[in-house]
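Spelled out from the first residue to the last, the chains are:
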Amino acid sequence: MTTPLIPAPARSGRGSIRMHLDRGEHPATRVPLLGADLDNPPAVCGGCANTVLKRLGDGRERLKCGLLPRGSRGLRGPDLRESMPACVKYAAASAAPRNT
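Basis of the calculations
Residues numbered from 1 in each chain as written. Predicted model: local features only at pLDDT ≥ 70, side-chain atom pairs only at ≥ 80, totals over all residues. Heavy atoms only, no water. Core = buried A, V, L, I, M, F, W, Y, C linked by side-chain atoms within 4.5 Å. Buried < 20%, exposed > 50% of the residue type's maximum accessible area, 1.4 Å probe, protein only. Contact = heavy atoms within 4.5 Å. Helix = DSSP H or I, 4+ residues; strand = E, 2+ residues; numbered from the N terminus. Polar contact = N/O pair within 3.5 Å; in protein donor to acceptor, adjacent residues only side chain to side chain. pLDDT = per-residue confidence, 0-100. Pairing = 2+ DSSP bridges. Salt bridge = Lys/Arg side-chain N within 4 Å of Asp/Glu carboxyl O.

A few words on the nonpolar core. With ten residues, the main nonpolar core is built from Leu21, Ala28, Leu33, Cys45, Leu53, Leu63, Cys65, Leu68, Leu80 and Met84. The residues touching Met84, leaving out its near neighbours within four places in the chain, are Ile17, Leu21, His26, Pro27, Ala43, Val44, Cys45 and Asp79.

Put into structure tokens, the structure is as follows:
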């Protein structure tokens, strides 16, 4: 006798980045967000002077937080989006993100 397969219930994914944002903390720096309204933040990571642009070997680019030290693999925490709400360590950028 075979057991019928029961599909898993559909659910909305809550990745680790989203879970940090839901708790009111920035996923990279782990400090509080600058504003409480995730849909209309007062500042975003894309406008922060602490963001760095990491170029991968295949030409792709990733936005990272420069406040984090490089790990043993040369990473600086999770990839950021320009529209991600900024943390309390936000500093207004004067130009485009730095390259790493």
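On to the side chain of His20, then. Within the element layout of this structure, His20 appears in helix α1 (residues 16-22). At a separation of 2.5 Å, a polar atom in the side chain of His20 contacts the side chain of Glu25. Here His20 is in contact with Glu25, His26, Pro27 and Arg30, once residues within four sequence places are set aside.

Another point: the environment of Pro32. Mapped onto the elements of the fold, Pro32 is located in the loop between α1 and β1 (51-55). For Pro32 and Ala86, which are 54 residues apart along the polypeptide, the C-alpha to C-alpha distance reads 8.9 Å. Filtering out sequence-adjacent residues up to four positions away, Pro32 remains in contact with Gly24, Glu25, Cys87 and Val88.

Another point: unusual backbone geometry. Excluding glycine, most residues fall at negative phi; most peptide bonds, likewise, are trans. Although it is not a glycine, Arg30 sits at a positive phi angle of roughly 65°. Along the polypeptide, Arg30 turns up in the loop between α1 and β1. The exposure class of Arg30 is exposed, given its relative accessible area of 53%.

Moving on to the confidence of the model for the protein. Any residue range with low pLDDT should be treated as having predicted coordinates unsuitable for detailed reading. Taken as a whole, the protein shows an average pLDDT of 82; of its residues, 75% reach a score of 70 or greater. The secondary structure element of the protein with the lowest average pLDDT is strand β3 (residues 98-99), at 62, and the one with the highest is strand β2 (residues 61-65), at 91.

Bridge count between β1 and β2: five bridges; the pairing is antiparallel. Each bridged residue has a counterpart across the sheet, and for Lys54 the counterpart in β2 is Arg62. The antiparallel hairpin formed by β1 and β2 contains five residues in its connecting segment, where Gly59 sits at a positive phi of about 95°.

What follows is about the pattern of salt bridges. This model, assessed by the stated rule, comprises six salt bridges. Close ionic contact of Arg23 with Glu25 constitutes a salt bridge, the shortest N to O distance being 3.4 Å. Asp58 is the salt-bridge partner of Arg60, the closest N and O atoms lying 2.8 Å from each other. Relative accessible area serves as the criterion here: at 45%, Arg60 is assigned to the partly exposed category. For Asp58, a relative accessible area of 51% gives the class exposed.

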